[in-house]
Amino acid sequence: MLDLIARDETHPVIRWLMTDARKRADSSEFLDAFAHELRASGVDVARITTGVPILHPQIFSFSGLWELGQGTTERLFRTEPGVAAILSNSPIGIAYEGGGPVRCDLTAPAREGEFPILEDLRRDGYTDYIVHSVPFADGSHKALSLATRRPGGFEADELKLFEAMIAAVAFNLEVQALRRTARTLLDTYVGQQSGGRVLEGQIQRGTGETIRAVIWLCDLRGFTNLSEALSRDALIDLLNCYFGPMCDAVASQGGEILKFIGDAMLAIFPIGDDAAKTCKAALIAAARAQGSLMEENERRGNTGRPRIEYGLALHLGDVMYGNIGSDTRLDFTVIGPAVNLTARIESMCRQLGRQLLLSADFVRAGGVAAQSVGTFSLKGVGADQEIFAPID
């Protein structure tokens, strides 16, 4: 039996939430430790979940799930049309609206129209389930649920503890959510690797390092004419249908998308100990993008929409990877002669009637099967460059 929370003393769980818990920035680590603290204080909890809607282009909410004897797992709920309907018939949805707490006696017979999750909890042997709304400083509300398998459910002093600790739980969840949001926004707008560096504090102008990388540059063909001929929504749809396969292909092979430059995309594949392996990964990504866009063009042809025509170049070289810009507006990107050469090679795709061209450095380092399409003088590049096309 827990001691009731007295006015002049802080419960050990709340004390932990306001001190040591703050050091646990990782959501899963926090939830696991939180469950341990509750059980160490005599709370017979066997299941805990947190629900936190987050700012993300594809994910609606993040949820942590701890179960006794099974540990902690993370669950991401995608932004889909059915999410609103699911939440409308869930105690979590009530919590997100600032309502509750909602407590359900799982030993009672099932009722028509009850929350669907209750059937699952009964089947797993839970006897009591309570969901609290967790208020954040911005006026939004998140969710905390707790369940037990103890006969008779939670005791009165446990319920009082749950109510008393919500403010301290909110503090921790908000810190974790802010960090997750910052990382999500950096990953979305800067890139996963670059975003990680920025979050670690690499934000001074002019700081960076020279790295060896495969450079990927793709560019949409005929964009000026398309922008004049298509409506705004049709043009945005075309760009998304073009950038989507390109981005997915690069990410699938460990590449880093650095930026969109109008209708062009710049990405890199940093080289570790095996340059040939990295080159082959970039070539696989290029093949995947080509295959996806071929299928997309078939769909577009069947619906009378304009085809997506593009050029793509792959080169290998040294680049400066870091911050450039002004004191208050920075871009974490790559610069250097190798990037310029990649752009010049890509510009040859239209002239040579090719979707994909490779530099001589890329072909040599990767040991890939390729055929020379000629040697050319490229604008802004000192020496003539031999350009290659991959052999299928």
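Summary of the structure given here. The shown structure was predicted, so the numbers you read here are calculated from the model rather than taken from an experiment. In this numbering scheme, every chain counts its residues from 1 along its sequence in written order. Predicted model: local features are reported for residues with pLDDT of at least 70 only, side-chain atom pairs are reported and counted for 80 or more only, and whole-chain, interface and lining totals are derived from all residues. Values reported for side chains reflect all heavy atoms of the structure, with hydrogen atoms and water molecules removed beforehand.

Tracing the backbone shows Gln-176 in helix H6 (residues 156-189). Three labels apply to residues, based on accessible area from a 1.4 Å probe with only protein chains included: buried if under 20% of the type maximum, exposed if over 50%, partly exposed otherwise in between. On the accessibility criterion, Gln-176 (8% relative accessible area) is buried. A sequence separation of 152 residues divides Gln-176 from Arg-24, and the C-alpha atoms of the two residues are 8.7 Å apart. Contact criterion: two residues are considered in contact whenever any of their non-hydrogen atoms come within 4.5 Å of each other. Beyond its immediate sequence surroundings of up to four residues, Gln-176 is in contact with Arg-24, Ala-25, Ser-27 and Phe-30. We count a stretch as a helix when DSSP gives it H or I for four or more residues in a row; a strand needs E for two or more, and each element gets its number in order from the N terminus.

What follows deals with the packing of helix H9 (residues 232-252) against helix H10 (residues 275-302). Convention adopted: a line fitted to C-alpha atoms gives each axis, helices being fitted over their contacting stretch, and angles between N-to-C directions are expressed from 0 to 180 degrees. Packing of H9 against H10 leaves a shortest axis separation of 8 Å and a crossing angle of 155°. In this view, H9 runs roughly antiparallel relative to H10, as classed from their interaxial angle. H10 is crossed by H9, and the crossing has right-handed handedness. In this structure, H9 contributes Asp-237, Leu-238, Cys-241, Tyr-242, Pro-245, Met-246, Ala-249, Val-250 and Ser-252 to the contact, and H10 contributes Ala-285, Arg-288, Ala-289, Ser-292, Leu-293, Glu-296 and Arg-300. Between 65 and 115 degrees an angle is taken as roughly perpendicular, under 35 as roughly parallel, over 145 as roughly antiparallel, and anywhere else as oblique. Crossing handedness is read from the near helix: turned anticlockwise from the far helix by less than a right angle, it gives a left-handed crossing, and turned clockwise, a right-handed one.

Turning our attention to a nonpolar patch on the surface. On the surface, Met-18, Phe-171 and Val-175 cluster together to form a nonpolar patch covering roughly 240 Å² of accessible area. Structurally, Phe-171 can be placed in helix H6. Overall, Phe-171 belongs to the partly exposed group, its relative accessible area being 33%. By definition, no residue in a patch forms a salt bridge, and every one has over 30% relative accessible area; like charges are joined within 9 Å, nonpolar side chains (Val, Leu, Ile, Met, Phe, Trp, Tyr) within 5 Å. In short, Shrake-Rupley with a 1.4 Å probe defines the accessible areas, and a residue's cover is counted only from the protein chains shown. Salt bridge, as applied in this entry: a Lys or Arg side-chain nitrogen positioned within 4 Å of an Asp or Glu carboxyl oxygen.

So, about empty space enclosed by the protein. Over the atoms a probe the size of a water molecule is rolled, and this reveals where empty space is left. Of the grid points, spaced at 1 Å and generated over the protein atoms alone, those admitting a 1.4 Å probe that cannot get out make up cavities, while open sets with protein on both sides within 12 Å along at least five of seven lines make up pockets; any residue with an atom within 4 Å of a point is treated as lining. Grid points are joined across faces, edges and corners, and a volume is the space filled by probe spheres set on the points. One pass over the full model with this rule turns up 1 cavity of 30 Å³ or more. Ser-27, Thr-50, Phe-62, Leu-173 and Gln-176 are the residues nearest the centre of the largest cavity, which is lined by 16 residues in total. Elements that contribute at least two residues to the lining of the largest cavity include exactly helix H2 (27-40), strand E1 (47-53), strand E2 (59-67), strand E3 (71-78) and H6. Polar here means any residue outside two lists: the nonpolar Ala, Val, Leu, Ile, Met, Phe, Trp, Tyr, Cys and Pro, and the charged Asp, Glu, Lys and Arg; Gly therefore counts as polar. For the lining of the largest cavity, the class distribution of residues is 7 nonpolar, 7 polar and 2 charged.

Along the chain, Ser-27 falls in helix H2. Using a relative accessible area of 9% as the deciding quantity, one classes Ser-27 as buried. Within the structure, the side chain of Ser-27 is placed 3.4 Å from the side chain of Gln-176, a separation counted as a polar contact. Apart from the residues lying within four places of it in its own chain, the contact partners of Ser-27 are Phe-62, Glu-74, Gln-176 and Arg-180. Contacts described as polar in this section are N or O atom pairs within 3.5 Å, which, within protein, must combine one atom able to donate a hydrogen with one able to accept it, while residues neighboring in sequence count only if both atoms come from side chains.

Of note, Thr-127 is situated in the loop between helix H5 (116-123) and strand E5 (128-135). Excluding its chain neighbours within four sequence positions, the residues that come into contact with Thr-127 are Cys-104, Asp-105, Leu-106, Thr-107, Thr-148, Arg-149, Arg-150 and Gly-153.

A complete count under the given rule lists 20 salt bridges for this structure. Between Arg-150 and Glu-158 there is a salt bridge whose closest N-O contact spans 2.8 Å. Ionic pairing is found between Arg-364 and Asp-361, a salt bridge with its closest N-O pair at 2.5 Å. Here the residue Arg-364 and the residue Asp-361 both occupy positions in helix H12 (residues 360-366), the gap between them amounting to 3 residues, near one helical turn. For Arg-364, a relative accessible area of 61% gives the class exposed.

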